[in-house]
Amino acid sequence: MRSLLLFLLVAYLGLAAAEDGLAAWLRYAPVPNGKHLRENIPSVIVSLNATEGLPVYTAAQELVDGIDGLYGKKVKIHKGKGNKPKKSIVVGTVDAYTENDGNVKGIPELSADGYYIKITKGNVLILGQNERGALYGTFQYLERLAIGEISDTAITSNPDAPIRWVNQWDNLRDGGTHGSVERGYGGDSIFFWDGVVREDLNRAAQYARLLASIGINAVVVNNVNANETILTEQNMDGLARIADEFRPYGVQLGLSLNFASPQLLGGLDTFDPLDESVIDWWQGITNDLYQRIPDMAGYLVKANSEGQAGPLTYNRTLADGANLFAHALKPHGGIIMFRAFVYDHRTLDQDVDWKADRANAAVEFFDGLDSDFEDNVVIQIKNGPIDFQVREPVSPLFAHLSQTGSAVELQVTQEYLGQQAHVVYLAPMWKEVLDFDLRVGGEDSVVSDIVSGRRFNNELGGYAGVVNVGHNTTWLGSHLAMSNLFAYGKLAWDPSVDTTEILQTWTKLTFSHDKKVIDVITKISEKSWPAYEDYSGNLGIQTLTDILLGHYGPNPGSQDGNPWGQWTRADADTIGMDRTVWNGTGNTGQYPEEVYQVYENIETTPDNLLLWFHHVPYTQVLKSGKTVIQHFYDAHYRGSATAQTFVSLWESLKGRIDKERYEHVLFRLVYQAGHSLVWRDSVNNFYFNKSSIPDEAGRVGNHPYRIEAEDLELDGYEPYLVSPFEAASGSYCIVTADNSTEGTASTKLDVKTGVYNVAVNYFDQALGNSTWTLFLDDRKIGEWKGDLEYILGRAPSPYIDGQTAARVTFKNVRVKSGSTLRIVGVPDGKEPAPLDYISILPEGIID
Ligand code: GCW
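Residues numbered from 1 in each chain as written. Predicted model: local features only at pLDDT ≥ 70, side-chain atom pairs only at ≥ 80, totals over all residues. Heavy atoms only, no water.

(A) Looking closely at the sheet that holds strand E11 (residues 252-257). Ordered by their spatial adjacency, eight strands build a closed barrel running E7-E10-E11-E12-E13-E14-E15-E16, and the pairing between neighbours is parallel. For this sheet, the mean inter-axis angle between neighbouring strands, taken without regard to orientation, is 25°. Judged from the four bridges that link them, E11 and strand E12 (residues 298-301) form a sheet pairing that is parallel. When the sheet's bridge partners are listed, Ser256 is paired in E12 with Leu300. (Pairing = 2+ DSSP bridges. Helix = DSSP H or I, 4+ residues; strand = E, 2+ residues; numbered from the N terminus. Axes fitted to C-alpha atoms, helices over the stretch in contact; angles between N-to-C directions.)

(B) Representation of the side chain of Ser157. Within the secondary structure, Ser157 is located in strand E6 (residues 153-157). Within polar-contact distance, the side chain of Ser157 engages the side chain of Trp493 at 2.8 Å. (Polar contact = N/O pair within 3.5 Å; in protein donor to acceptor, adjacent residues only side chain to side chain.)

(C) Structural view of the site of the ligand. In the vicinity of the ligand there are 14 residues, among which Glu182, Lys302, Lys382, Asp387 and Glu415 approach most closely. For the ligand, an oxygen atom lies 2.9 Å from a polar atom in the side chain of Arg183. Note that an oxygen atom of the ligand is positioned 2.7 Å from one of the side-chain N or O atoms of Arg339. Starting from 340 Å² of accessible surface for the ligand in isolation, the protein chains cover 97%. Taken together, the residues of the shell around the ligand break down into three nonpolar, three polar and eight charged. (Near = heavy atom within 4 Å. Areas by Shrake-Rupley, 256 points an atom, 1.4 Å probe, with all protein chains shown as cover. Nonpolar A, V, L, I, M, F, W, Y, C, P; charged D, E, K, R; others polar.)

(D) Representation of the sheet that holds strand E20 (residues 713-715) within the structure. The strand order across the open sheet built from five strands is E20-E23-E28-E25-E26, with neighbouring strands paired in antiparallel fashion. Whereas interior strands pair on both sides, the edge strands pair on one side only; in this sheet they are E20 and strand E26 (779-785). Taken over all neighbouring pairs, the strand axes of this sheet differ in orientation by 15° on average, direction set aside. Pairing geometry for E20 and strand E23 (residues 743-748), over three bridges, is antiparallel. Following the sheet pairing, Asp715 is matched in E23 by Thr744.

(E) Fine view of the packing of helix H3 (residues 55-71) against helix H5 (residues 131-146). Packing of H3 against H5 leaves a shortest axis separation of 9 Å and a crossing angle of 5°. By the angle between their axes, H3 is roughly parallel relative to H5. Residues Pro55, Val56, Thr58, Ala59, Glu62, Leu63, Gly66, Ile67, Leu70 and Tyr71 of H3 touch H5, and the partners they reach there are Glu131, Arg132, Ala134, Leu135, Thr138, Phe139, Tyr141, Leu142, Leu145 and Ala146. (Parallel < 35°, antiparallel > 145°, perpendicular 65-115°, else oblique. Contact = heavy atoms within 4.5 Å.)

(F) Representation of the pairing of strand E3 (residues 88-93) in the model. In terms of burial, E3 is largely enclosed, as six of its six residues are buried. Inspection of the sheet shows strand E1 (residues 44-47) paired to E3 by four bridges, in the parallel sense. Residue pairing across strands places Ser47 opposite Val91, the latter belonging to E3. Bridge analysis of E3 against strand E5 (residues 123-128) gives five bridges, and the strand direction is parallel. Across the sheet, Thr93 pairs through a bridge with Gly128, a residue of E5. (Buried < 20%, exposed > 50% of the residue type's maximum accessible area, 1.4 Å probe, protein only.)

(G) Expanded view of unusual backbone geometry. Ser723 connects to Pro724 through a cis peptide bond whose omega is 0°. Mapped onto the elements of the fold, Pro724 is located in the loop between strand E21 (717-721) and strand E22 (732-736). At Gln420, a position not held by glycine, the phi torsion is positive, near 65°. Assignment of secondary structure puts Gln420 in the loop between strand E15 (405-411) and helix H12 (427-435). Positive phi is not limited to glycine here, since Asn457 has a value of about 55°. Note that Asn457 resides in the loop between helix H13 (447-451) and strand E16 (462-466). A relative accessible area of 72% means that Asn457 is categorised as exposed.

(H) Quick peek at the packing of aromatic side chains. Summed over the entire model, instances satisfying the criterion amount to 31 aromatic pairs. Aromatic side chains Tyr136 and Trp493 sit 5.3 Å apart centroid to centroid with 90° between the ring planes, which places their arrangement in the edge-to-face category. Of this pair, Tyr136 sits in helix H5 while Trp493 is found in helix H14 (residues 482-493), placing the two residues 357 residues apart along the sequence. A single burial state applies to Tyr136 and to Trp493, both of which are buried. With a centroid separation of 5.0 Å and an interplanar angle of 85°, the aromatic rings of Phe632 and Tyr687 are classed as edge-to-face. Here the residue Phe632 occupies a position in helix H19 (residues 628-651), and Tyr687 occupies one in helix H20 (residues 659-691), the gap between them amounting to 55 residues. Here the two residues Phe632 and Tyr687 agree in accessibility, since each one is buried. Through successive ring pairs, a cluster of aromatic residues spans Phe259, Phe271, Trp281, Trp282, Tyr299, Tyr314 and Phe325. It is Arg579 that lies over the ring of Trp612; its NZ or CZ is 4.6 Å from the centre. Above the face of the Tyr837 ring, Arg706 is positioned so that its terminal group lies 4.0 Å from the ring centre. (Phe/Tyr/Trp six-rings, centres within 6.5 Å; stacked < 30°, edge-to-face > 60°. Lys NZ or Arg CZ within 6 Å of the ring centre and 35° of its normal.)

(I) Structural view of the nonpolar core. Among the nonpolar cores identified, the biggest contains 192 residues, and Trp25, Tyr207 and Trp650 are the most heavily contacted of them. Ranked by residue count, the leading element in this core is H19, at 10 residues. In this structure, Tyr207 is in contact with Val166, Gln168, Ile190, Phe191, Val219, Val467, Val469, Trp475 and Leu485, ignoring residues within four places of it in sequence. Core analysis: the next-biggest nonpolar cluster, separate from the first, contains 32 residues, Ala709, Ile781, Leu792 and Phe810 among them. (Core = buried A, V, L, I, M, F, W, Y, C linked by side-chain atoms within 4.5 Å.)

(J) Structural context of the side chain of Glu415. Structurally, Glu415 is set in the loop between E15 and H12. There is a polar contact of 3.2 Å between the side chain of Glu415 and the side chain of Arg183. Setting aside its immediate chain neighbours within four residues, Glu415 contacts Trp169, Arg183, Tyr185 and His551.

Purely geometric numbers; function is a separate question.
Listed below in C-alpha cells is the structure:
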C-alpha cells in the first residue's frame, strides 16, 4: 500500500527516474493531469519538406518525444503529401507551407528566426521564417504543453536581435592533456580532449538542443584566450564534426582566433593585419573552414588584452585588426565579433597615478574608430566597464558606437559571483543592464535597443553569453545555476520578459509544477543576488573576492595594489574609486550628459554605485542615513543571514523533489550558508582593522559563542598565522605539526547543559583529503572529509585562505556542562587538517 501511494505521489509530481540534470529543462516529465488533457493534442505531425539533419526534421522528432513524455501520447509523423489528416500539428517554414498550398492568409510577416504558432480546435500550425524558426516555434509549443497550457492561441514571435550566441572558454588542453574550461565549474570541455576535438560528441548535440530550445543560434566553442592549434587540419576536421552535431538544432559554430596565428601556426614572420601574406593566410584558413563548415557563424577575437596578441603590436588600429577578419569572412556571410575587452594591465599603476583607470580603457581604445569597421563587424562589450563584478554601471562604450553594431557580453558562468557554489540568479542583474537608458544625445537609448540595432539602425547586434558548461551531468556544476542559462536565452530573445516569470517557467520544466516548489525556488533565487551583493561587496565596491588567484572567496586586500586595475583605493580613512571628471579618473565623462550628471555628483549617484564613482571617508553618510562603514557591517550580516534561510527553505521541499537533485542542491546551499559567514567575517574584520571604526551593533570582532582552535589544548597540532589575516577567526588556525601524524585539539566546555548546533570552521585545501572527527567526551558527534575540491567545482586552491575556508554544522547536539570537546584531525597528502574555530550555538543563533 505504501509503495502504491509512493508510486502515485511520484506519478503526480511528475518525477522521472534518473534526475542527474542532463535533461535540464527539457525533461518532458509527465504533466499533472496530462492524461486527461491529451485528447486535445493532435496525434499526427506533418513536417513540411523535412530533411534529416536539419531543424524541421528535428522539430518533428522533438514533438514525438515531447508529447509522449509530457502527455503519454504516441503521435505519428505523417509521411508524404496529400490526405492530410484533419487534426494535426503542421510544422515547417512559411515558404514550405506556401508551396504545400497552405493558407497563408493571416500569417504575419516574420523576421529571421521568427515563428508563428496557431492552435485552433486541436489543430496546430507551427511556422518558421526559416527552419530554425520552425524549431524554435516547436520548442515554444512544447514549453506551453509542459507547463500545462493547451488552450487555443496565436503567437507571433520574432527575436529582438539577430545575434544570440554563447561563448565557451574551452581549452584544447591546459598544461596537462585534457580540455579544461577557463572559469568553468562544471567539469572538462564537452568539445576537446588532449589537444583535439573529442571523438564522442554526444554532449555537443545535447548542448545544441538545450540552446535551440531557448533561441540561441551560435556557439563559439573555444576559449577567447585562443590556441592557434585550433586551426590545424586535424582540428578543422574536428570542428566540422562539431558543426554537424549542432546543425540539426540550427546552431552555428563560431571560433575564437589567436591573432598571432599566422606566425605561431602559419610560419610567417609577422601577423601584421595589413601585411599581404597575413591577409592571404587568413583568407586561406577561412576558405578552408567554410569548405568544411559552409554555415559557420564567424569568428570571435580577443586582441591586445591580457597578453593576447593584436593589431596594436604593429601600430595598426583595432579596426584594422577587426577588418582583417571581416574581409576574409565577407564572401562566406560570416560575422566577426570583436571584443571591446581591451586594456593593458602592464601600464596600470595605482600608486603613482590617481587618474589611472581600467574602466576608461574600452572607450579610449575604440575612440574615433566607429566609422572604420566593416559592416560584418560587431563589437562585443562586457556589460560593465571592468569585469563581471557583482554590481557595475553599464559600460559607457555602448554610447559611443552608432555606426558599428554592438553586442552585450553577459557572464552566465559565475566567475566572480560564487562559481556556482553559491546560488545567484543573475537575470535581475542583466535586466537592470538591458533596461538602462544611456540617454545618448539626450534621447531614449536603452541598452537593449542599442544592441538590437534599433537605436542606431544597425543591422547586426545582440547578445553573447559566456556559459562554460562542462562534462558534468549538471552542465554548470549546479542544478539551480541552470536557471541562468535558461534566462539568458529568454532575455536575448525578448529582453522585455519578466525575470520572475522566466524563473517560474524554468522551475516548472526543471523540477515540478508543485506550487510549493515554485514558491521556494522563487524565494531563494530572487533573494540570491541581493544577498550575494550584501556579503561579497556593496555600494559598488566590486566583488571583494580574491583577484589574484581563483577569483573565489573573500580577499578585500587583493583589490588594491594589483596590476589588473581592479581597485578600491581603501586606506585607513577613505575608500572608493574617484571616477569623477572634476577630481578623478574622468570616467563619468565617458557617459552621455544626463548620465554623466548623475554619476559626477555624489548627491545623485545611487548608493549602490557610490564607491564605484566616488572616493569617500568611511564616515560618509548614505542616502539611507547610515555611514559607509556601518552599511558594510550591516549588509554583511544581512546577506549572510539570508543565505542561512536558503537551507531551511530548501529543506521544506524534501519529498517534493527527486532525492538526487534535492541532495545535490542541499549540499551546496549548506556550503554556501557556511561560506557566506566566512565572507561576512573576513570583509568586516578587514575594514574594521583598516578603519578602526567599531560596529555600532557590536558584532564585528565579537563572537561570544566561538572557541578559537588556537586556544584549545593541542597535541600534534600547532597554531598557524593565516594570510590574509582576516580569513581566519582571530587570524590564526591550527595545522598538524607534520603531514603524517594526527593532531588532537580539546577543551572542557563552559556552557550550560542543553541542545546546541555545533559548527566547526576548517580549511579544505586542494592538497589532500584530511579527515576530522568531533567528539563530546567519548561520544562521536560526527566526522567529515576535506574533499570539497572534488565536489564543488569552484576553483581549487592550495592555500589556507578565504577561498578554502568552510564550515560543517552538527545540529541538535546534546551538550553537558563540563564535557570535553575533542577534535581529531588526520592530515592527508599535504593538507594538514587545518581548523579555525568551533561555535556552540543555541537555537536561533548563527555565528
Ligand atoms: O575576467 C577575466 C577572466 C579571464 C578571461 C577574461 C576575458 C578568458 O578572469 O579568465 O579570459 O576576463 O574575458 O577575456
